[in-house]
Amino acid sequence: MKHLLSTKDLSRDQAIHILDVTEDMAATQQREVKKLPTLRGKTVVNLFFEDSTRTRISFEAAAKRLSADVISFAAKGSSVSKGESLQDTAQTLEAIGADVIVVRHPVSGAPELLARSGWIDASVLNAGDGTHEHPTQALLDAFTLRRRIHGDASRGKGLDGVRVLVVGDILHSRVARSNVWLLSTLGAEVTLVGPPTLMPFGIDAWPVDTSFDLDDALASKPDAVMMLRVQSERMNAAYFPSAREYSTLWGLSAARFGALPETTVVMHPGPMNRGFEIASVAADSPQSTVLEQVSAGVSTRMAALYLTATGADL
Ligand code: NCD
């Protein structure tokens, strides 16, 4: 695999293979010495044009655990603020010796452009582009859910028949898009739930059901509920009357959480707005995988870096 740009173009076998390599990586992270020599001599550059905590730090941890040299680049404080183009920035990084460029960018399609333009030979990993895709997030979510459902017998398995609600600001969420493609490829049944104003155009063509009523959707006793952050930074208009109304209608409140079966897995990619889209009692419960998702993020990114940097067959 040369690049990892989206989950939409992964086949079921490819997706399961990445999850299985993630299992291998996760096993190494149980050892006392967590570092592997796999990418010794390779250079990974984290090129982040948007804010990030989890994704940037876990890519950095993943690259270091594989013994790569890591350079972290934040667009703020760089020559990007002097007007340097993506092409010049990427070519500069490659001239410095980058073998893999991990890119987060506010423009949908920027990583694809970098990968397909011919400007550089390095592998490109999409760490979130605009509202388009966030493939490693969906892979770490699928890994976490597969582990919760199949435990130690996860290897080789998909998520057949697993019913997942994805709730909230679907319109602005690259996490939702990458999850829709990956979860459905793995055989899960996905229902998107949110206010009509936060549902994307063209959703009829997606392999999902939709619902505008959270209580109704929760009454179906889903296997997992994935809450999304309301992405105010991407909103240039009012999509709902007030924060209070959003929270009342679309939040996973303590009461809604309390009515769920104890087996329903509660997920959130972070960063969470506690008390807004998710109550603390839900986020901090044993049903919640919030921190498992973060840990899985390191193993998932180790797998993605390994598979791309070595050009391994998928
Ligand atoms: C998400 C993102 O940046 O797309 N966060 C993440 O990577 N864990 C979701 C969000 O910002 O709400």
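The structure this text deals with has already been given above.
These lines cover the structure that appears in this document, whether it is placed above or below. Not measured: the values here are computed from a predicted model. (Residues numbered from 1 in each chain as written. Predicted model: local features only at pLDDT ≥ 70, side-chain atom pairs only at ≥ 80, totals over all residues. Heavy atoms only, no water.)

A separate point is the overall build of the protein. The secondary structure content of the protein amounts to 11 helices and 9 strands. Expected size for 314 residues packed as a compact globule is a radius of gyration near 20 Å; at 19 Å, the protein falls within 12% of this value. Structurally, the protein occupies a C-alpha span of about 55 × 45 × 35 Å along its principal axes. With 314 residues in all, the protein has 56% of them scored as buried. (Helix = DSSP H or I, 4+ residues; strand = E, 2+ residues; numbered from the N terminus. Rg over C-alpha atoms; globule rule 2.2 N^0.38 Å. Buried < 20%, exposed > 50% of the residue type's maximum accessible area, 1.4 Å probe, protein only.)

A few words now on the packing of aromatic side chains. Evaluation of the coordinates by the stated rule reveals 4 aromatic pairs. Ring centres of phenylalanine 49 and phenylalanine 73 lie 6.4 Å apart, and the angle between their planes is 55°; on these two criteria the pair is classed as tilted. In this pair, phenylalanine 49 sits in the loop between strand S1 (43-48) and helix H2 (54-65) while phenylalanine 73 sits in strand S2 (residues 69-74), placing the two residues 24 residues apart along the sequence. Per residue, the accessibility class of phenylalanine 49 equals that of phenylalanine 73, and both read buried. (Phe/Tyr/Trp six-rings, centres within 6.5 Å; stacked < 30°, edge-to-face > 60°.)

Our focus in this paragraph is the environment of glutamate 189. Summarising the element assignment, glutamate 189 is placed in strand S6 (residues 189-193). Linking glutamate 189 and lysine 157, residues 32 residues apart in sequence, is a C-alpha distance of 15 Å. Excluding residues within four positions of it along the chain, glutamate 189 makes contact with Gly161, Val162, Arg163 and Val164. (Contact = heavy atoms within 4.5 Å.)

Now for the side chain of aspartate 169. Relative to the elements of secondary structure, aspartate 169 occurs in the loop between strand S5 (163-167) and helix H6 (174-185). As a buried residue without a salt bridge, aspartate 169 has its nearest oppositely charged side chain in arginine 234, at a separation of 7.0 Å. Side chain to side chain, aspartate 169 and histidine 172 meet in a polar contact 2.9 Å long. Beyond its immediate stretch of four places on either side in the chain, aspartate 169 contacts Leu198, Leu228, Arg229, Val230, Gln231, Met235 and Tyr246. (Lys, Arg positive; Asp, Glu negative; His and termini not counted. Salt bridge = Lys/Arg side-chain N within 4 Å of Asp/Glu carboxyl O. Polar contact = N/O pair within 3.5 Å; in protein donor to acceptor, adjacent residues only side chain to side chain.)

Right, let's get into the packing of helix H5 (residues 135-150) against H6. Between H5 and H6, the least distance of the axes is 8 Å, while the angle of their chain directions is 55°. As summarised for this structure, H5 and H6 are arranged oblique, according to the angle between their axes. Handedness of the crossing formed by H5 with H6: right-handed. Along the contact surface, H5 presents Pro135, Gln137, Ala138, Leu139, Asp141, Ala142 and Leu145, while H6 presents Val175, Ser178, Asn179, Leu182 and Leu183. Taken together, the residues that form the contact of H5 with H6 break down as 8 nonpolar, 3 polar and 1 charged. (Axes fitted to C-alpha atoms, helices over the stretch in contact; angles between N-to-C directions. Parallel < 35°, antiparallel > 145°, perpendicular 65-115°, else oblique. Left-handed = near helix turned anticlockwise from the far one by under 90°. Nonpolar A, V, L, I, M, F, W, Y, C, P; charged D, E, K, R; others polar.)

A few words on the site of the ligand. Around the ligand sit Thr55, Arg104, His134, Gln137, Arg174, Val175, Arg229, Gln231, Pro269, Gly270 and Pro271, and those are all the residues in its vicinity. Take arginine 174: an N or O atom from its side chain is 2.7 Å from an oxygen atom of the ligand. Separating an oxygen atom of the ligand from a side-chain N or O atom of arginine 229 is a distance of 2.7 Å. Here the ligand loses 95% of its free accessible area of 320 Å² to cover by the protein chains. Taken domain by domain, the shell around the ligand gets at least three of its residues from each of domain 1 (7-134 + 294-310) and domain 2 (135-292). (Near = heavy atom within 4 Å. Areas by Shrake-Rupley, 256 points an atom, 1.4 Å probe, with all protein chains shown as cover. Domains from an automatic or database assignment.)

With that settled, the discussion passes to the side chain of serine 58. Take serine 58: it is sitting in helix H2. Separated by 2.6 Å, the side chains of serine 58 and arginine 301 make a polar contact. Ignoring any residue separated from it by four or fewer positions in sequence, one finds serine 58 in contact with Gly297, Val298 and Arg301.

The element S5 is extensively covered by neighbouring structure, given that 4 of its 5 residues are classed as buried. Two strands pair when backbone bridges link them, and S5 and S6 are joined in this way by 5 bridges, in the parallel orientation. Paired with valine 167 across the strands is valine 193, a residue of S6. Pairing geometry for S5 and strand S8 (residues 224-227), over 4 bridges, is parallel. Each residue of the ladder has a partner; that of valine 167, found in S8, is methionine 227. (Pairing = 2+ DSSP bridges.)

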